[in-house]
Amino acid sequence: MNALSCLVIGARRSATIALVLVLAIAGATSSAAADQPAKQIFGAAKLPAALPASPIGFYSKGCLAGGIAIPADGPTWQAMRLSRNRRWGHPDLISLVEKLSREAAVQDGWPGLLVGDIAQPRGGPMLSGHASHQVGLDADIWLTPMPARTLSSAERENLSATSMLKKNTLFVDDKVWTSAHARLLMRAASYPEVERIFVHPGIKKKLCDSWTGNRAAMSKIRPYYGHHYHFHIRIKCPPGATGCKSQSPPSSAPGCDESLAWWFTDEPWAPAKPSKDTKPKPKKREIQLSELPSACAVVAAAPGPASEAEVTLGADPIARIARANANAVRAPASAFTSLPLPGRIPLPVPRPAY
């Protein structure tokens, strides 16, 4: 291990310890803020919290400290829907997206990634769209290859991703699907830090039926609703992220058996049976800041960086970590505690093993 690697690892470990200490003693937040809808607070943040990088909570109930942005344009990627300001994530995830774009272009014949939603600057619940993507460890990648030109701002807002399915079916359309799509997905799944790749059941079936390469990572590719225009990368909690709760590892089986066949029955797509209760349903209650892990109140209230450029991929990570550590509040050893995790994790309905 070279000196730079040691420096990076040491800085990241000290950053994690500093963050735990900061959050352990910074629990004071106003009751007014705690009772606000979390999506309003996190949706309003324009820049990340200037804290050491850490995902806090679960993918669908948490927030993100010290996030960084992927640049809107790179040699092998372009970010889409820029007005949403959702190209932020944990540094490990942003680095992985960049690596995937580069390696897929060189080795898989994929011209470049169109990057969809990752997370808000401080993670947390979104004003619209996803239930997950809250801790900076989820990223959506379009299944449309990047064009050989820079897209305009208007195109990034209005272009639609291409569905991989035959119209009105659950099966892949071979007129739009290519072997490069398969290579891109299998490469993404092959990275050890990746926990799951969500795709439409028809795409999973296509891979099961046609992939002739190494199938060791096939179990990570999970069929789920939607995801025929894009695929969803989810990575594990980074080492040392004590406030982060990973999903249970998927089965090691390829998943090309009866569990996949279930998706091609009527059951997953049947409409919910109408309730016999004629009373009007109460309006769905919004999650309050106080219902997220308590450390998220600190993330929400923390100062931001001086500029977006300071926290965009390519900025000096050592300097960024050093600045975060310099701002960290020092606490006695007795304050070193684990960050609280959410209690009951909401599950999708219906509840397939995804």
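Please refer to the structure placed before this passage.
This brings us to the packing of aromatic side chains. A complete count under the given rule lists nine aromatic pairs for this structure. For the ring pair Tyr225 and Trp263, a centre distance of 5.0 Å and an interplane angle of 75° mean the geometry is edge-to-face. Pair noted here: Tyr225 is in the loop between β10 (221–223) and β11 (230–235) and Trp263 is in the loop between α8 (258–261) and α9 (295–301), with a separation of 38 residues, a long-range link. Overall, the relative accessible area of 22% leaves Tyr225 in the partly exposed class. Each ring, one from Trp263 and one from Trp269, has its centre 5.9 Å from the other, and the planes form 55°; the classification is tilted. Look at Trp269 and you get partly exposed, because its relative accessible area is 33%. Through pairs of rings, three or more aromatic residues link up here, namely Phe198, Tyr224, Tyr225, Trp262, Trp263 and Trp269.

Before going further, it helps to examine unusual backbone geometry. Note on backbone geometry: most residues besides glycine have negative phi, and most peptide bonds are trans. Even without a glycine there, the phi angle at Arg81 is positive, about 50°. Tracing the backbone shows Arg81 in the loop between β5 (77–79) and β6 (88–89). Of note in the backbone geometry, Asn168 takes a positive phi value of approximately 60° without being a glycine. Within the secondary structure, Asn168 sits in the loop between α5 (153–158) and α6 (179–190).

A word on the environment of Ala45. Take Ala45: it is sitting in the loop between α3 (38–44) and β1 (54–58). Distance in space between the C-alpha atoms of Ala45 and Arg122 is 6.9 Å, their sequence separation being 77 residues. If we ignore the near neighbours within four places in the chain, the residues touching Ala45 are Asn85, Pro121 and Arg122.

Cut-offs and rules
Just so you know, the residues in each chain are numbered from 1, in the order the chain's sequence is written. For this predicted model, a pLDDT threshold of at least 70 governs which residues receive local features, and a threshold of 80 or more governs which side-chain atom pairs are given and counted, while totals over whole chains, interfaces and linings are taken from all residues. Side-chain numbers here rest on the full set of heavy atoms in the structure, without hydrogens or water. Here a Phe, Tyr or Trp ring, Trp counted by its six-membered ring, pairs with any other such ring whose centre lies within 6.5 Å, and the pair is stacked when the planes are under 30 degrees apart, edge-to-face when over 60, and tilted otherwise. Secondary structure follows DSSP: runs of H or I at least 4 residues long count as helices, runs of E at least 2 residues long count as strands, and numbering of each begins at the N terminus. The buried label goes to any residue with under 20% of its type's maximum accessible area, the exposed label to any with over 50%, and the partly exposed label to all in between, with areas taken from a 1.4 Å probe on protein chains only. Two residues form a contact once any of their heavy atoms are found within 4.5 Å.

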